[in-house]
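Here is what each chain is made of, one letter per residue.
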Amino acid sequence: MRSSQYFMPTLKETPSEAEIVSHRLMLRAGMIRQSSAGIYSWLPMGLRVLKNIEQIVREEQNAIGCQEVLMPTIQPADLWRQSGRYDDYGPEMLRIRDRRDRDMLYGPTNEEQITEMFAASQRSYRDVPKLLYHIQWKFRDEIRPRFGVMRGREFLMKDAYSFDLDAEAARRSYNKMFVSYLRTYERMGLTAIPMAADTGPIGGDMSHEFLILAETGESEIACHKDLLDKRWADRAIDFESDLQPIVDEFTSQYAATDEMRDPEQEKALGGDLVTARGIEVGHIFYFGTKYSEKLGAVVTDHDGKEVTVEMGSYGIGVSRLVGGIIEASHDENGIIWPESVAPFHVGLINLKAGDGKTTAACDDLYGKLRAAGVEVLYDDREGRAGQKFADMDLIGLPWQLIVGPRGLDNGVVELKNRASGEREELSPESALAQLTG
């Protein structure tokens, strides 16, 4: 994509309403624009990142046998009345009426909808276990939306749901999701710490929230230092085996946040205790038969007896993760995208647009990068080199390939790593080999 044609309305000044780093940088980098309080339009740069995150989430859900569906954004109120949550949920739920005066709602979550779908078609123990997920826009009418996409009213969420014959099988599904989440966040370049959590309005008796480390995090966390060093994305894992030992590696070690912290345990850890800031980006719940009992999700067991299925739900804030990654990975000049989620792999900078030799070299590199399948943003605009450098640092692409007449006279271009700041002069062929290898 050529910058001269790309819709990327960057800002030099920080809008006054932006209180945190990710909100400031997303606005300045031309990723989002506010439509109304807590509701944003996603512009091309932001949407590319959002789709990359969504794809990683999708791949890791598929890897554990979770099947993708797509449920409506608008749900009938009667389902929520059956579960007892319609009146209990509070003003965060947007309640509406259709033209036939039927009570409807803009879904803040999907436990009722998915349970009704399961109950309508699944009848036997042969139909479980089932893991189903979708990636869908949600709406919660926050009393005070703030921090950009980190606490908006409309947000993109992956929510998954498990259906099992008994509590033991339900725990296996829970463990699958637990490990899947560790892999998901690591693939995005994040360190995620799972912590025992309150189940809140979702219900149930087992829950973990996943927090990523960021200096600007909303919560202070304390944990055993070993939790910062575990790696799972490249580890071969059989998701059909018992994953309890892997889960136990985390839950057996101290990790807590806010009111859950234990001063005595922290004192006992001594030098193994680490404190940091964290941002919640995922939450998983096991809630047994809370919804299946009220919505009639039953199957017959091996003896022909009706059994109410055991359930869990598992959420990842996809749009929230865009902000979370920026909070965890930025510097004074802008965003530093991990390669797995970056909107483009490389930014190609023409230092002297209009100069025949420089433009010909840039056009050649641009064509070869694209032919190799490398996603590249080519800054072919007229303008000062300093502004081009500033814009590239702001949007945070992993690599910058810098081409100017002086370097070409010496047979070299410059390759800059955005994360480390390291620069290297290479022949155009060597730079291409490094970017396409």
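Here is what the cut-offs are and how they apply
- Residues numbered from 1 in each chain as written.
- Predicted model: local features only at pLDDT ≥ 70, side-chain atom pairs only at ≥ 80, totals over all residues.
- Heavy atoms only, no water.
- Buried < 20%, exposed > 50% of the residue type's maximum accessible area, 1.4 Å probe, protein only.
- Helix = DSSP H or I, 4+ residues; strand = E, 2+ residues; numbered from the N terminus.
- Pairing = 2+ DSSP bridges.
- Axes fitted to C-alpha atoms, helices over the stretch in contact; angles between N-to-C directions.
- Core = buried A, V, L, I, M, F, W, Y, C linked by side-chain atoms within 4.5 Å.
- Contact = heavy atoms within 4.5 Å.

### Brief notes about the pairing of strand S10 (residues 206–213)
Phase 1 of the analysis: The buried fraction of S10 is high, at seven of eight residues.
Phase 2 of the analysis: Across five bridges, strand S9 (residues 192–196) lies against S10 in antiparallel orientation. Each bridged residue has a counterpart across the sheet, and for Met195 the counterpart in S10 is Glu209.
Phase 3 of the analysis: Direction of pairing for S10 relative to strand S13 (residues 273–288): antiparallel, over a ladder of eight bridges. The residue of S13 that forms the bridge with Leu211 is Glu280.

### Looking at the sheet that holds strand S22 (residues 413–417)
Phase 1 of the analysis: Taken in spatial order, the five strands make up an open sheet running S20-S19-S21-S22-S23, and their pairing is mixed. Both edges of this open sheet fall to strand S20 (376–379) and strand S23 (423–426), since each of them pairs with a single strand only. Neighbouring strand axes in the sheet, compared pairwise and without regard to direction, differ in orientation by 20° on average.
Phase 2 of the analysis: Here five bridges tie strand S19 (residues 346–350) to strand S21 (residues 399–403), and the two strands are oriented parallel to one another.

### Brief notes about the nonpolar core
Phase 1 of the analysis: With 81 residues, the main nonpolar core has Met31, Ile53, Tyr185, Met188, Val322, Trp337 and Leu377 as its most contacted residues.
Phase 2 of the analysis: Counting residues per element, this core draws most heavily on helix H5 (residues 167–187), which supplies eight residues.
Phase 3 of the analysis: Those residues in contact with Val322 that sit more than four places away from it in its chain are Met26, Met31, Trp42, Val49, Leu50, Ile53 and Trp337.
Phase 4 of the analysis: Counting 20 residues, the second largest nonpolar core, distinct from the first, contains Leu348, Tyr366, Leu408 and Leu432.

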